[in-house]
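# Examination of the molecular architecture
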Amino acid sequence: LFGKYESTAYYRPTLISTVDTLSLSSIFKLQLTFNEELVYGDTTESVDVSIYQITEKWRDNTFKYEDELALDQSELIGQFSYFNEDTIDVDLSDSLFADYIRFYESPDSLRDSLYNADFFGFALVPQGASTKIIYPDMENSKIYSIEESTGDTINIGLENYAFNLKRSNNSNIPDRLYLNGSLESFYSLSFKDLTVGIEEKNILKAEFVIYEDTLQLQNTLSANHTRPTFSYLDLKSTGSSQFDYDMQFGAADFIASRSTSGLFSFNITDHINNYIYGSLDDTEYQLNLNPNGGIIFSSIFFDSSATNALRPKLILTTVE
């Protein structure tokens with residue numbers, strides 16, 4: 001329904017203190033933990049992943065979905081196949097951490113700055129035409145080393161991580177509103193015109209409601225396939241020039257939670273009353289799907305061409 005997705009993950013380890021003991025005889029492993037409920041695609045398929053070094057500097061807090069980092073694909077530094085495990089441990093090649101240990105052992109007082117400038121980390125690249133996208137739990141994933149001579153282990157955190165997301169073969173979905181959690185689409189709404197002609201009576205409740213097309217969503221899933229389920233829609237006013245930032249990180253003015261039938265209802269009573277009785281200027285809100293940590297959330301909703309029962313609407317409850 002929503003086209004073809006491709007995603008690559010990027011990671012950069014933390015440079016640990018020399019209080020811990022690392023050496024060239026240490027064995028390095030990447031440990032990834034997963035939430036089995038967060039799978040996009042075929043739950044019965046495996047995912048093949050290759051790991052390569054990143055060859056350019058990057059910052060996670062400026063990284064965008066469409067960005068793509070340069071990789072050294074001449075040397076495979078790790079690989080794994082994932083099939084619904086809770087945790088998976090991946091051997092990482094010595095070459096990746098030979099440079100890491102060089103920075104770790106550096107006596108230079110600027111070791112941290114040199115590390116930040118010259119050690120770029122590694123990427124997890126899906127191989128082949130997979131039918132599943134998986135989501136590592138970054139709070140509980142890590143790199144760890146094992147000292148061969150003693151068997152001691154040292155945990156190394158993941159200081160930076162990011163991912164890109166490319167969508168192709170986009171489907172045309174007629175007479176529906178399309179929303180996703182990566183700010184690819186959103187809709188601008190103003191409620192002021194809808195209040196014109198409303199008599200000055202006591203409005204007990206004003207609800208903006210929108211209906212998800214749950215039937216089409218379900219019927220376009222192949223056997224054993226799943227999409228992560230989102231719980232909230234947002235209405236946000238975006239007054240500053242930093243539109244992308246406001247949409248991603250700004251607090252929502254109104255939030256609607258999912259009902260069992262796919263109905264989302266925003267309580268905008270105070271907002272509508274301010275239009276009628278107050279001096280509230282016209283405010284434009286953006287309807288978008290609540291972003292949530294990079295999980296692929298997509299959905300479709302009935303638009304104004306639907307039947308009266310299913311089209312988006314403003315419902316007013318008043319005192320006669």
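That block above? That's the structure.
Quick summary incoming for the structure in this document. Residue positions are given per chain, counting from 1 as you read along its sequence in written order. In view of the model being predicted, local features appear only for residues whose pLDDT reaches at least 70, and side-chain atom pairs are presented and counted only at 80 or more, with totals across whole chains, interfaces and linings using the full set of residues. The basis for every side-chain value is the complete set of non-hydrogen atoms in the structure, without hydrogens or water.

### Notes on the packing of aromatic side chains
Two rings from Phe, Tyr or Trp (for Trp, the six-membered ring) form a pair when their centres sit within 6.5 Å of each other. Planes less than 30 degrees apart are called stacked, planes more than 60 degrees apart edge-to-face, and all others tilted. For the coordinates displayed, the defined rule picks out 23 aromatic pairs. Their ring planes at 70° and their centres at 5.4 Å tell us that Tyr-5 and Tyr-40 sit as a pair that is edge-to-face. Separated by 35 residues along the polypeptide, Tyr-5 in strand 1 (residues 4-13) and Tyr-40 in strand 2 (residues 26-42) bring together distant segments of the chain. Pair check on accessibility: Tyr-5 and Tyr-40 agree, each one buried. Members of the aromatic cluster, connected to one another through ring pairs, are Phe-28, Phe-97, Tyr-100, Phe-103, Tyr-115 and Phe-119. Above the face of the Phe-103 ring, Arg-102 is positioned so that its terminal group lies 4.6 Å from the ring centre. Only when the NZ of Lys or the CZ of Arg is both within 6 Å of the ring centre and within 35 degrees of the ring normal is a charge said to sit over the ring. Positioned above the aromatic ring of Phe-230, the side-chain terminus of Arg-258 is 4.6 Å from the ring centre. Under the DSSP-based scheme used, a helix requires at least four consecutive residues in state H or I and a strand at least two consecutive residues in state E, with every element numbered from the N terminus. Under the scheme applied here, a residue whose accessible area is under 20% of the maximum for its type counts as buried, over 50% as exposed, and between as partly exposed, the area being computed with a 1.4 Å probe on protein chains only.

### A few points about the sheet that holds strand 14 (residues 203-211)
Between any two strands, pairing holds if DSSP finds at least two bridges. With antiparallel pairing, the three strands of this open sheet are ordered in space as 18-14-21. The two strands at the open ends of the sheet, each matched to only one other strand, are strand 18 (263-267) and strand 21 (313-318). The mean inter-strand angle of the sheet, taken between neighbouring strand axes irrespective of direction, is 25°. The pairing of strand 14 with strand 21 spans six bridges and is classified as antiparallel. In the strand pairing of strand 21, Lys-205 is matched with Thr-317. What makes two residues a contact is simply this: any of their non-hydrogen atoms within 4.5 Å. With axes taken as lines fitted to C-alpha atoms, and helix axes fitted only over the stretch in contact, angles between N-to-C directions fall between 0 and 180 degrees. The strands touched by helix 5 (residues 269-277) are strand 14, strand 18 and strand 21; relative to strand 14, the strand with the most contacts, the crossing angle is about 120°.

### Topic: the packing of helix 1 (residues 94-104) against helix 2 (residues 111-118)
In a pair of packed helices, the angle between the axes and the distance between the axes together describe the arrangement. Running from N to C, helix 1 and helix 2 point in directions that differ by 155°, and their axes come no closer than 9 Å. With respect to helix 2, the axis of helix 1 lies roughly antiparallel. Each of Tyr-100, Phe-103 and Tyr-104 in helix 1 lies in contact with helix 2, whose residues at this interface are Arg-111, Leu-114, Tyr-115 and Asp-118. These descriptions rest on fixed angle ranges, namely under 35 degrees for roughly parallel, over 145 for roughly antiparallel, 65 to 115 for roughly perpendicular, and the rest for oblique.

### A short note on helix 1
Those residues of helix 1 lying buried are Leu-96, Phe-97, Tyr-100, Ile-101, Phe-103 and Tyr-104. Taken around the axis of helix 1, the buried residues stretch over an arc of 155°, which confines them to a single face. Of the residues in helix 1, the exposed ones pointing more than 90 degrees away from the buried face are Asp-94 and Arg-102. Of all possible arcs, the one meant is that of the directions from the helix axis to the C-beta atoms.

### Topic: the pairing of strand 10 (residues 153-156)
Going residue by residue along strand 10, you find Ile-154 and Ile-156 tucked away on one face and Thr-153 and Asn-155 left uncovered on the opposite face. Strand direction decides the pairing type here: strand 9 (residues 142-147) and strand 10, joined by four bridges, are antiparallel. From the neighbouring strand, Ile-143 faces strand 10, where its bridge partner is Ile-156. Linking two consecutive strands that pair antiparallel, namely strand 9 and strand 10, is a turn of five residues; a positive phi of about 80° is found at Gly-151 within it.

### Here's the deal with the nonpolar core
Within the largest apolar cluster, 36 residues are counted, with the highest numbers of intra-cluster contacts made by Phe-191, Leu-233, Leu-235 and Phe-266. Per-element accounting of this core gives the leading share, four residues, to strand 14. When near neighbours in sequence (up to four residues on either side) are disregarded, Phe-191 contacts Phe-208, Leu-235, Ile-268, His-271, Ile-272, Tyr-275 and Tyr-285. Of all hydrophobic cores here, the second largest spans 34 residues; its members include Tyr-11, Tyr-82, Ile-101 and Leu-158. Note on terminology: a nonpolar core comprises buried Ala, Val, Leu, Ile, Met, Phe, Trp, Tyr and Cys residues joined through side-chain atoms within 4.5 Å.

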